[in-house]
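# Summary of structural features
Residues per chain, in single letters:
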Amino acid sequence: MALNANWKLILRTVCFALLSPGSHDKSRDWRLLSRQTKTSGPDTTRGLLLAFGYPVVEEFLARRVRAAQIAGIARLTPFVIIANTINALVVAPVFLQFLPVSYVVIWLSAIAALLSVTTFKWLKAKRTPIELASRRGLSKAVRHATILSSLWAVVPIVAFANGNTAGMWIASCVTTAMICGGGFALATVPQAAIRWVAILFLASTVTLAIDSNAFMWPLFFLLLSFTLVVIGSVTSTGWLFASHFLAEAELKQRGELIALLLNEFEEKDSDWIWESDARGFLRNASERFLNASGRSKQDLHALRMIDLAYSLKDTDARMAVGKLEAAVSSKEAFRDIVIGVDVNGQERWWSLAARPIVDAKGSFAGYQGVASDITEARRASALVSHLAEHDSLTGIGNRSWFLKQSEQLLNEESRSGQSLLALFLIDLDNFKVVNDTSGHPAGDELLRQVAGRFSELGDGKTMLARFGGDEFAAFGSFVCEQSAAAFAEELVNVTRKPFRIGRRDFAIGATVGFARLGESNDTIDDLMRKADIALYKAKESGRGRALAFESEMEREVRERRALESDLREAFEYGKLNVEFQPIVDSRSGKVVSSEVLVRWLHPTRGEVPPDIFIPIAEHAGLILPLGNWVLKKACTAAAQCPELESVAVNLSSVQFLDPNLVEHIMTVLTETGFPPERLVLEITESVFLQDFGSASQKLETLRGYGIRIALDDFGTGYSSLSYLRQYKFDKIKIDKSFVDEIGERSDGLAIISAVIALAHNLGLEVTAEGVERQLQVDALRTLGCDTMQGYYFGKPATSPVQITRIKKEDWLDRAPSTAPSHPPARGRLPALLPAPIRDLKADQA
Ligand code: C2E
Ligand code: CA
Ligand code: CA
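Residues numbered from 1 in each chain as written. Chains lettered and ligands numbered in written order. Predicted model: local features only at pLDDT ≥ 70, side-chain atom pairs only at ≥ 80, totals over all residues. Heavy atoms only, no water.

A few words now on the coordination of the calcium ion (ligand 2). For the calcium ion (ligand 2), every protein donor is listed as Glu595 (OE), Asn650 (OD1), Glu682 (OE) and Asp712 (OD), and the spread of their distances is 2.0 to 2.3 Å. Donor residues for the calcium ion (ligand 2) sit on one chain with the sequence pattern E-x54-N-x31-E-x29-D. Between the calcium ion (ligand 2) and the calcium ion (ligand 3), a spacing of 4.0 Å is present, and a bridge between the two is formed by aspartate 712. Linking asparagine 650 in strand β16 (residues 646-650) with aspartate 712 in strand β18 (residues 708-714), this pair joins segments that are 62 residues apart in sequence. Residue aspartate 712 is classed as buried on the basis of its relative accessible area of 7%. (Donors = N, O, S within 2.8 Å, 3.2 Å for Na, K, Ca; no water. Helix = DSSP H or I, 4+ residues; strand = E, 2+ residues; numbered from the N terminus. Buried < 20%, exposed > 50% of the residue type's maximum accessible area, 1.4 Å probe, protein only.)

Structure, rendered in structure tokens:
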């Protein structure tokens, strides 16, 4: 019959224990054994090996086991000493009958010495109990037992060798008792016990051989079986002892680990352990739990976790309770359930995890788990998501939030098909001016106020966002097209009312482009694109208005954008040019000045008029470098042409608003060596429409350097006269539309006459533009107009030298002009005329 692996191991162990002396290095053997242990595995086997002194566990634990084994012997030491003493006292007198006194004395002394050592060791161990024992310590104990058993082994051998009946009786009894008693007293150290028993067994076997009689074999087998039973019991006791100890040690170690973890856990302020009974009521609330809940132990124990979750009156918290209720009613483990709790009136959020606990009968007995206060983390993540979705300056939504929400709304609404959806893009007008003139804090404040007004207008029904800079967007549903258009108008109107920032009022205005969903299956991107096109158109047509997207806009805008990129390229590659148009003195007829006009010959479209591409350059942010380039060209060319008293350069309103305008101009003048007195800058009144106080200052500075300023296109606006009073100019240029009326309308002449008189009264020089006919020349000269410009004198030419060659005779000798081509028109008089003149003219008409 094949022995199973465990039993083989036990046998081997016993053999090793028996054969190998205590001090012998067992490393080889134990390696062999422990290798088998790994395969046989269970703790009981390790316990067995350990019981025999083989360190199959970590040395520290092995030392503790050895100490416990030795302590196990030590516990019985007093009885052992007493038993040995009694036995010795019984044996000695009997042996004195047949042995020399000296022999008995020597034996007794040896026993006494050994017992003294034992007593001494026992007393020492009692005073300072040993916690750890080395392998040598255990070997010593084994050796001690071996020596003592050897001394007792002498007793039966001597008794039977002498054949003394009393001696033999006493020896048999003592040896039997010793095998049994000693074996059990040493059971915690099986090696010692086995040696003890084995030595006495051998001695007994020898005595049986000495006194061989008919009972020898039966007695031997009796002795053998008796010894084996003792050895078996001893081994199993030692084994159980070591196994128990191991299990206990491991349990303790695990307990320590758990305690350590718990300790650490309790160190964290935001976490605590909680417990509930089968009905859900909280139990054994820790100090930390009490603190976190802001309730007394009594109060807390009268509540369930669900009751705590109900304490916070908040929609989020209400929703959270449902989850907890579901988890608890399932009586299963749960984690990451977040609940809101009212703690002394404050809102706190806890994350819960728990495992069900079962009682001895295996039925549900409540929950045990961990709670963490995650209020701060929750707040932080709420803040992060708020920041991710909102514009930090104005507090309204940002672009990504807007697009996401709009898409959602679009999907919902388009399915219902009930209402009309419209997307609005809003661009503030003149916002940059506020930033430039009053600084960024004022600009920020303005944006906040604008957002406030828009929000009020939206009334919570329309989504609102800031896309960045001064761009806003709105998306909402409307009952009809008219209401969407009215909303767009309102968006413009609310920005027209002045904004009070600090002690100043700012009027800005806005331009709105919007697109309606209509029948089409537009996506949010389509709507955005369409609203953007409408906005582009609205800006192009003069800002300050709202425009709805129309399908034909798309083509126009596309074309404009193409033109914009072509212009950029043309400018970059030096494909633009300038031309010079003569301005002649009315009295002398000499060319005294020249207006510089920019030219662009498009490779496929041909000549593109500046009226078209200058606004594009303004929109594309190209006007500043372009204007600078024109100025440089003008100054360089005019510097070569001393016959020209001056050169006139047009300034776009965008250029004029540039805070570095004066600096740029002066740099060009310095670079080209052109004297400022010879430069005339032509500006239109659109410049003043956007003025926030800096225009007047700029004009003063430029004039201070000797540069002259001309008010271009005079009369085309509505408040030209008021500008003449408000700002300082050197010159006005009467617009071509008025010159055209000379000879066409009966009052044409009267208007120009009044304007010239007024200008002269203010000390301004007057230039008439667009002079094409002799009639106009004659009339203007008669009315005292200072200078004239028009095709009559010459079209713009590529070189200034070319135009200076025009002589008075050239144009004076031309054929007289024909009669007016249209009958005199009646009706409206231009607003530029002062009221008395206007009235007078109306009467005449
Ligand atoms: P503007 O400043 O009023 O320039 C005068 C415009 O009238 C020029 O048109 C000129 O060619 C045109 N013109 C002159 N005499 C006559 C005439 O007898 N009959 C007719 N029909 N037209 C005449 P242009 O060159 O097309 O310029 C148009 C506008 O473009 C200019 O009006 C000016 O506002 C702008 N512009 C031209 N060059 C520049 C420039 O370099 N910078 C800026 N910012 N604007 C410019
Ligand atoms: Ca001009
Ligand atoms: Ca003009």
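Right, let's talk about the sheet that holds strand β4 (residues 346-358) for a bit. Taken in spatial order, the five strands line up as β2-β1-β5-β4-β3 in an open sheet, and their pairing is antiparallel. A single partner strand is all that each edge strand has here, and the edge strands are β2 (282-283) and β3 (334-343). Two strands pair when backbone bridges link them, and β4 and strand β5 (residues 364-373) are joined in this way by nine bridges, in the antiparallel orientation. Within the sheet, the bridge partner assigned to valine 358 lies in β5 and is phenylalanine 364. Along the sheet, helix α13 (residues 315-330) contacts β3, β4 and β5; its crossing angle with β3, the most-contacted strand, is approximately 135°. (Pairing = 2+ DSSP bridges. Contact = heavy atoms within 4.5 Å. Axes fitted to C-alpha atoms, helices over the stretch in contact; angles between N-to-C directions.)

Note that glutamate 682 resides in strand β17 (residues 679-683). With relative accessibility at 1%, the residue glutamate 682 sits in the buried group. Within polar-contact distance, the side chain of glutamate 682 engages the side chain of lysine 733 at 2.5 Å. Setting aside chain neighbours within four positions, we find glutamate 682 in contact with Glu595, Ala648, Val649, Asn650, Leu651, Ala710, Asp712 and Lys733. (Polar contact = N/O pair within 3.5 Å; in protein donor to acceptor, adjacent residues only side chain to side chain.)

This brings us to unusual backbone geometry. One non-glycine residue, aspartate 336, lies in positive phi territory at about 55°. Tracing the sequence through the fold places aspartate 336 in strand β3. Judged by relative accessible area, which is 57%, aspartate 336 ranks as exposed. Residues other than glycine seldom take positive phi values, yet aspartate 713 does so here, at roughly 50°. Overall, the relative accessible area of 27% leaves aspartate 713 in the partly exposed class.

What follows deals with the coordination of the calcium ion (ligand 3). Coordination of the calcium ion (ligand 3) by the protein comes from Asp712 (OD), Asp713 (OD), Glu769 (OE) and Glu769 (OE), over a distance range of 2.1 to 2.5 Å. Counting gaps between the donor residues of the calcium ion (ligand 3) yields the pattern D-D-x55-E.

This part takes up the site of ligand 1. Near ligand 1, the surroundings consist of 23 residues, among which Gln581, Arg599, Asp712, Glu772 and Tyr791 are the closest. The contact in question runs from an oxygen atom of ligand 1 to an N or O atom on the side chain of glutamate 595, over 3.0 Å. One of the backbone N or O atoms of tyrosine 791 is found 2.6 Å from an oxygen atom in ligand 1. Relative to its free-state accessible area of 790 Å², ligand 1 is covered by the protein chains to the extent of 82%. (Near = heavy atom within 4 Å. Areas by Shrake-Rupley, 256 points an atom, 1.4 Å probe, with all protein chains shown as cover.)

Glancing now at a nonpolar patch on the surface. On the surface, Ile82, Ile86 and Val90 cluster together into a nonpolar patch covering about 260 Å² of accessible area. Counting through the fold element by element, isoleucine 86 comes out in helix α4 (residues 59-95). (Patch = residues over 30% accessible without salt bridge, like charges linked within 9 Å, V, L, I, M, F, W, Y side chains within 5 Å. Salt bridge = Lys/Arg side-chain N within 4 Å of Asp/Glu carboxyl O.)

As a further point, take the environment of alanine 333. For alanine 333, the location among the structural elements is in the loop between α13 and β3. Spatially, the C-alpha atoms of alanine 333 and alanine 354 are 5.6 Å apart, while their sequence positions differ by 21 residues. Beyond its immediate chain neighbours, meaning those up to four positions away, alanine 333 contacts Ala354, Arg355 and Pro356.

Across soluble globular proteins, you tend to see nonpolar side chains buried next to one another. Membership of the largest hydrophobic core comes to 79 residues, with the highest contact counts inside it found for Leu679, Phe688 and Phe729. In terms of residue count, the dominant contributor to this core is helix α22 (residues 623-639) (eight residues). Beyond its immediate stretch of four places on either side in the chain, phenylalanine 729 contacts Ile683, Phe688, Leu699, Arg703, Ile709, Leu711, Tyr723, Leu724 and Leu764. By size, the runner-up hydrophobic cluster in this structure holds 67 residues, among which are Met178, Trp196, Phe220 and Val230. (Core = buried A, V, L, I, M, F, W, Y, C linked by side-chain atoms within 4.5 Å.)

The five strands lie next to each other as β7-β8-β6-β11-β12, forming an open sheet whose pairing is mixed. Here the strands that pair on one side only, and so sit at the sheet edges, are β7 (463-468) and β12 (546-548). Each strand axis lies, on average, 20° off the axis of its neighbour in the sheet, ignoring direction. As defined by bridge partners, strand β6 (residues 420-428) adjoins strand β8 (residues 471-478) across eight bridges and the pair is classed as antiparallel. Opposite leucine 423, over in β8, you have phenylalanine 475 as the bridge partner.

Helix length check: helix α7 (residues 165-185), at 21 residues, gives a terminal C-alpha distance of 29 Å against a target of 30 Å (1.5 Å per residue), a fit within 8%. Every buried residue of α7 is listed here: Gly167, Met168, Ala171, Val174, Thr175, Met178, Ile179, Gly182, Gly183 and Ala185. (Expected span 1.5 Å × (residues − 1).)

On to the packing of aromatic side chains. One pair of aromatic rings is described through two measures. These are the centre distance and the angle between the planes. Tallied over the entire structure, the rule returns 26 aromatic pairs. An angle of 40° between the planes, with centres 5.9 Å apart, marks the rings of phenylalanine 201 and phenylalanine 220 as tilted. With phenylalanine 201 in helix α8 (residues 190-210) and phenylalanine 220 in helix α9 (residues 216-267), the pair connects residues that are 19 residues apart, well separated along the chain. Between phenylalanine 424 and phenylalanine 478, the aromatic rings sit 5.6 Å apart at their centres with planes inclined by 70°, giving edge-to-face as the arrangement. Of this pair, phenylalanine 424 sits in strand β6 while phenylalanine 478 sits in strand β8, placing them 54 residues apart in sequence. Among the aromatic residues, ring-to-ring pairing joins Phe201, Trp217, Phe220 and Phe221 into one connected group. Note that arginine 378 overlies the ring of tryptophan 349, its terminal NZ or CZ placed 3.5 Å from the centroid. (Phe/Tyr/Trp six-rings, centres within 6.5 Å; stacked < 30°, edge-to-face > 60°. Lys NZ or Arg CZ within 6 Å of the ring centre and 35° of its normal.)

This next bit is on helix α30 (residues 774-783). Among the residues of α30, Gln774, Gln776, Val777, Ala779 and Leu780 are the ones counted as buried. Following α30 by one or two positions, glycine 784 has its phi on the positive side, about 90°.

Under the defined criterion, the tally for this structure stands at 36 salt bridges. The closest approach of N and O atoms between arginine 335 and aspartate 336, which form a salt bridge, is 3.9 Å. This pair shows no difference in class: arginine 335 is exposed, exactly as aspartate 336 is. Where aspartate 730 meets arginine 703, a salt bridge forms, and the shortest distance between an N and an O atom there is 3.1 Å. One end of the pair, aspartate 730, is in the loop between α27 (720-726) and β19 (731-734); the other, arginine 703, is in helix α26 (residues 694-704), and 27 residues separate them in sequence.

Bringing the packing of helix α17 (residues 440-458) against helix α18 (residues 481-496) into the picture now. Their axes nearest at 10 Å, the elements α17 and α18 cross at an angle of 150°. By the criterion of interaxial angle, the relationship of α17 to α18 is roughly antiparallel. With respect to the hand of their crossing, α17 and α18 are arranged in right-handed fashion. Contacts from Arg453, Phe454, Leu457 and Gly458 in α17 reach Phe487, Glu490, Leu491, Val494 and Thr495 in α18. The residue makeup of the contact of α17 with α18, split by class, is five nonpolar, two polar and two charged. (Parallel < 35°, antiparallel > 145°, perpendicular 65-115°, else oblique. Left-handed = near helix turned anticlockwise from the far one by under 90°. Nonpolar A, V, L, I, M, F, W, Y, C, P; charged D, E, K, R; others polar.)

On to the packing of helix α6 (residues 135-162) against α8, then. The packing of two helices is summarised by the inter-axis angle and the distance between the axes. At a closest axis distance of 8 Å, the pairing of α6 and α8 adopts a crossing angle of 15°. In terms of orientation, α6 and α8 fall into the roughly parallel class. Regarding α6 and α8, the two cross each other, and that crossing is right-handed. Taken together, the residues of the contact of α6 with α8 break down into 17 nonpolar, five polar and one charged.

This part is about the environment of phenylalanine 475. The topology assignment puts phenylalanine 475 in strand β8. Placed 52 residues apart in sequence, phenylalanine 475 and leucine 423 show a C-alpha to C-alpha distance of 4.5 Å. When sequence neighbours within four positions are dropped, the list of residues in contact with phenylalanine 475 reads Phe402, Ser406, Leu409, Leu410, Leu421, Ala422, Leu423, Thr462, Met463, Ile524 and Leu527.

Limitation: the analysis is restricted to geometry and does not speak to function.
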